Each structure stands twice: as structure tokens, then as C-alpha cells.
Amino acid sequence: MSLEKMHPVLREQFFEQLYAESIVDSSEKMLAYKDYAMAINAEIPVSCYTNFRDALFHFRKVVSSVEETEIERQSFAVKEHLSRALTDASSSILHHLACVSESLLEDVNLSKEIKEEIRKYLHSMKNANLRKRLSGMMISNDNVINISHDEIIKMIDDFYNLLNDECPEKFAEYANTPK
């Protein structure tokens, strides 16, 4: 069905769906990344915010467009900018947590058991970062490579909780040490 010939109500539903499933969902994920960045003293790259701004600019163009190809082009641009913003944010958080993990693994005061857990998460975080970067370069949605931001946020959440439960002082010390 062509968007040009779509009933105005259906066309509006398409725009609302794009807004809800792309912009609102990405906003919530970006907020989660920002909250973790603040908690662990990590930096969210400026490119995350400029990409998000650009996505909103393209969304305005989607809503004001009437030609099907322009709507498709601008919808893709919205999703692409949001994807870049979230990938940059997740990469920044994962990189910072990997540095914290490596410092914790060198700490002689931590038990062998907690170090083994940290090592598992370190490998998972590095793999997640690599998978997210590789999936961004792929044209297809390869589910073997791809990892969702929900999965990444859950991994960060689980790791954060582990460190706050098992070694909160050391976690705070290394998280706040400049890298």
C-alpha cells in the first residue's frame, strides 16, 4: 500500500507508530544510558545528542512530506540517527565499565570468586560492544550478530548490581578514577 494513497487516518497512525516505536523508545534507552553514565562517572559523547537532534529534524520532515519515497527516506534517516546515538552511548558506557573491570581484576584485595564473575562480565561487555558495532555495519538484520539495547542495558544493570553488592567501595573508587 502506497503512503501517498493511504487514508489520512492510516497515514497519521504510521507517523504515530514511528514516533512511539523509534523516538520515544530511543529516548527511554538514552535516558537509561545517561543515568548509568552519571552513576559511574562516564561520558556520553556529544554525537549522541546531535544524532538525536538530527533524528527529530528528519521526523519533522517525515510528517510534512507527502511523497512516498520522501517519507521512506526520512523515516530511514530517523531510525539511522537514533541507532547511531544509542550505539555511541552504549559503546561509551561499555568501554568505561571494561576499564573499571580491568582495574578491579588487578586489585589484590578482591576474592578469586568475584574476580571470576567480573571476568565473565568483562568478556560479555566487550563482545556486546563488538557485536553492536558490527551489526551497525551490516545491511541485513543478522540476529546472530545483533544485540539489542535492551540486552545491553540488562547486562549493564546486572553488572552494576553485582559490583554494588560485592565490592561497592572498590567499584566506586575505580569508576571515578579518570581513564
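Residues numbered from 1 in each chain as written. Predicted model: local features only at pLDDT ≥ 70, side-chain atom pairs only at ≥ 80, totals over all residues. Heavy atoms only, no water.

A. Expanded view of the overall build of the chain. For the chain, the helix and strand inventory stands at 6 helices and 0 strands. Sequence-ordered secondary structure for the chain, helices as α and strands as β, is α-α-α-α-α-α. Every one of the 179 residues in the chain was classed for burial, and the buried ones make up 42%. Pairs at least 24 residues apart make up 73% of the contacts formed inside the chain by residues separated by at least 6 positions. Accessible area of the chain: about 10,600 Å², with a carbon and sulfur share of 54%. (Helix = DSSP H or I, 4+ residues; strand = E, 2+ residues; numbered from the N terminus. Buried < 20%, exposed > 50% of the residue type's maximum accessible area, 1.4 Å probe, protein only. Contact = heavy atoms within 4.5 Å. Areas by Shrake-Rupley, 256 points an atom, 1.4 Å probe, with all protein chains shown as cover.)

B. Quick peek at the packing of aromatic side chains. In total, this model carries 5 aromatic pairs according to the counting rule given. Plain terms: the ring middles of Tyr36 and Tyr160 are 5.3 Å apart, the flat faces sit at 75° to each other, and that makes the pair edge-to-face. With Tyr36 in helix H1 (residues 8-40) and Tyr160 in helix H5 (residues 149-166), the pair connects residues that are 124 residues apart, well separated along the chain. Judged by relative accessible area, Tyr160 falls into the partly exposed class, the value being 22%. Connected via pairs of aromatic rings, a cluster forms that spans Tyr36, Tyr160 and Phe171. (Phe/Tyr/Trp six-rings, centres within 6.5 Å; stacked < 30°, edge-to-face > 60°.)

C. Spotlight on the nonpolar core. By size, the foremost hydrophobic cluster in this structure holds 37 residues, and its most contacted members are Tyr33, Ile93, Leu97, Leu104, Ile118, Ile156 and Phe159. When contributions to this core are tallied by element, the ones reaching two or more residues are H1, helix H3 (68-106), helix H4 (112-137), H5 and helix H6 (168-175). When residues in this core are grouped by element, the largest group, 10 residues, is from H3. Once residues within four sequence positions are removed from consideration, Leu104 is found in contact with Leu110, Lys115, Ile118, Leu163, Cys167, Lys170, Phe171 and Tyr174. (Core = buried A, V, L, I, M, F, W, Y, C linked by side-chain atoms within 4.5 Å.)

D. Examining the confidence of the model for the chain more closely. Looking at the chain, pLDDT values average 88 and 89% of them are 70 or higher. The lowest-confidence element of the chain is H4, averaging 89 in pLDDT; the highest-confidence one is H5, averaging 96. (pLDDT = per-residue confidence, 0-100.)

E. Quick look at the pattern of salt bridges. Following the criterion strictly, the structure yields 11 salt bridges and no others. In this structure, Lys29 and Asp25 form a salt bridge, with 2.7 Å as the shortest nitrogen-oxygen distance. Highlighted residues: Lys29 and Asp25, both in helix H1, separated by 4 residues, approximately one helical turn. Among the residues examined, Lys29 registers a relative accessible area of 9% and is labelled buried. Asp54 is paired through a salt bridge with Arg53; the nearest N and O atoms lie 2.9 Å apart. Through salt bridges with shared partners, a single network forms among Asp25, Lys29 and Asp150. (Salt bridge = Lys/Arg side-chain N within 4 Å of Asp/Glu carboxyl O.)

F. Structural detail: the environment of Arg11. Within the secondary structure, Arg11 is located in helix H1. We classify Arg11 as buried; its relative accessible area is 18%. Here the alpha-carbon distance between Arg11 and Val63, two residues 52 residues apart in the chain, equals 9.4 Å.

G. Just the side chain of Lys115, in detail. Its place among the elements puts Lys115 in helix H4. It turns out Lys115 is buried and unbridged, and the closest side chain with the opposite charge, Asp107, is 6.2 Å from it. Apart from residues lying up to four places away in sequence, Lys115 is in contact with Leu104, Leu105, Glu106, Asp107, Val108 and Leu110. (Lys, Arg positive; Asp, Glu negative; His and termini not counted.)

H. Representation of unusual backbone geometry. With a phi angle near 65°, Asn41 is a residue other than glycine that sits in the positive phi range. When you line up the elements, Asn41 lands in the loop between H1 and helix H2 (46-64). A relative accessible area of 43% places Asn41 in the partly exposed class.

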